[in-house]
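Inside the fold
The primary structure of each chain is shown beneath.
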Amino acid sequence: MRSPVTGIVALLAALLVVIVGYMSLFTVQQTEQTIVLQFGAPVDVVTDPGLHFKAPWNSVINVDKRILDLENPSQEVIASDQKRLVVDAFARYRIKDALRFYQSVGSIQAANLQLTSLLNAALRRVLGEVSFITVVRDEREKLMGRIREQLDREAGGYGIEVVDVRIRRADLPEQNSQAVYDRMKSERQREAAEFRAQGGQRAQETRSKADRDVTVIIAEANSTAEQTRGVGDAERNRLFAEAYGKDADFFAFYRSMTAYETGLKKDDTRYLLRPDSDFFRYFSNPSGKTATETPAKP
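Structural notes, computed from the coordinates. (Residues numbered from 1 in each chain as written. Predicted model: local features only at pLDDT ≥ 70, side-chain atom pairs only at ≥ 80, totals over all residues. Heavy atoms only, no water.)

**Here we look at the nonpolar core**
To be explicit about the condition: What we call a nonpolar core is a set of buried Ala, Val, Leu, Ile, Met, Phe, Trp, Tyr and Cys residues that are connected through their side-chain atoms within 4.5 Å. Think of it in three bands: with a 1.4 Å probe and only protein chains considered, a residue is buried below 20% of the maximum accessible area for its type, exposed above 50%, and partly exposed in between. Secondary structure elements are taken from DSSP: a helix is a run of H or I of four residues or more, a strand is a run of E of two residues or more, and numbering for both begins at the N terminus.
Counting 38 residues, the largest nonpolar core has Val87, Leu115, Leu119, Leu127, Ile147 and Leu151 as the members making the most contacts within it. Elements represented by at least two residues in this core include exactly strand E2 (32-38), strand E6 (68-71), strand E8 (84-95), helix H2 (98-104), helix H3 (108-127), helix H4 (132-138), helix H5 (140-155) and strand E9 (160-171). The greatest single-element share of this core, amounting to eight residues, is contributed by H3.

**Quick word on the sheet that holds strand E5 (residues 59-64)**
How we decide: Pairing between strands is defined by DSSP: at least two bridges between the two strands are required. Note on definitions: angles span 0 to 180 degrees between N-to-C directions of axes, and those axes are lines fitted to C-alpha atoms, for helices only across the stretch in contact.
The strand order E3-E2-E5 describes an open sheet built from three strands, whose pairing is antiparallel. The sheet is open, and its two borders are formed by strand E3 (41-46) and E5, each paired with just one other strand. Adjacent strand axes in the sheet meet at a mean angle of 30°, parallel and antiparallel pairs treated alike.

**Focus: H5**
Our working rule: To estimate the expected span of a helix, subtract one from its residue number and multiply by 1.5 Å. Read the arc as the range of directions from the helix axis to the C-beta atoms. Contacts were defined at the residue level, with two residues in contact if any of their heavy atoms lie within 4.5 Å.
Compared with an ideal rise of 1.5 Å per residue, which puts 16 residues at 22 Å, H5 spans 22 Å between its outermost C-alpha atoms and is within 8% of the ideal. Residues of H5 that are buried: Leu143, Met144, Ile147, Gln150, Leu151 and Ala155. Projected down its long axis, H5 shows its buried positions confined to an angular sector of 130°, all on one face. The exposed residues of H5 that point more than 90 degrees off its buried face are Glu141, Lys142 and Arg153. Where the residues of H5 are buried, they touch E8, H3, H4 and E9.

Written out as structure tokens, the structure is:
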């Protein structure tokens, strides 16, 4: 018959085995890498995900192996042309050597502080060698590549690989931006005033040319009209002279009828003339002959 003491010992032994077995197992996630420590000293690094074994007295530290973010506060940098820039940048990095990372910085928080300092130094070195326009417009992509290379080279000693560095914003300080804006505004206003002055001058030249052309055209038209009118008057006189030569009486009659038409208007037919005036010669005699011109009857 088993004694109670034996059962208790067996239970304690089983419990001890369970505890030792539990302390000898650890799990590595797919997003992690694990450092095995023996009395605080690293003895192994496990990067394969799954269930692993260790000595019960050893401890483990999990290190993230995903790409991590480094948000850098805005920094003021002086470009090669002495322009002051406010640069807002960020970086992406991963821990490629967990053991070196643990031995050099120990934690992600400490690594972020160290990388922030290195990133600011790299920004000042690279951007301090180029002009403001180069940073803002011309070669930003190339400059970010140079900054990443320098930061990656310096961060390699901490077991860190820098994946990417990006300049989110690179602007002049607020007071400088306002000054640049005011200068650009003044420059545009000056250019606008110059364009308006040039436009006014060209408009005046165009109006003057148009007025001159109008004067010349009117003068030429008047000259042509006078010439045409002179030719017409000459032709009329020629016709009149020819008609007079052919039939003097009819020509005199026609001239008198024209004079009647012109002189005896519709609304005013009053004349103060003698009845025997030459103007009324055809009223007293249809042939237009006066008494002295009428031949005597035989």
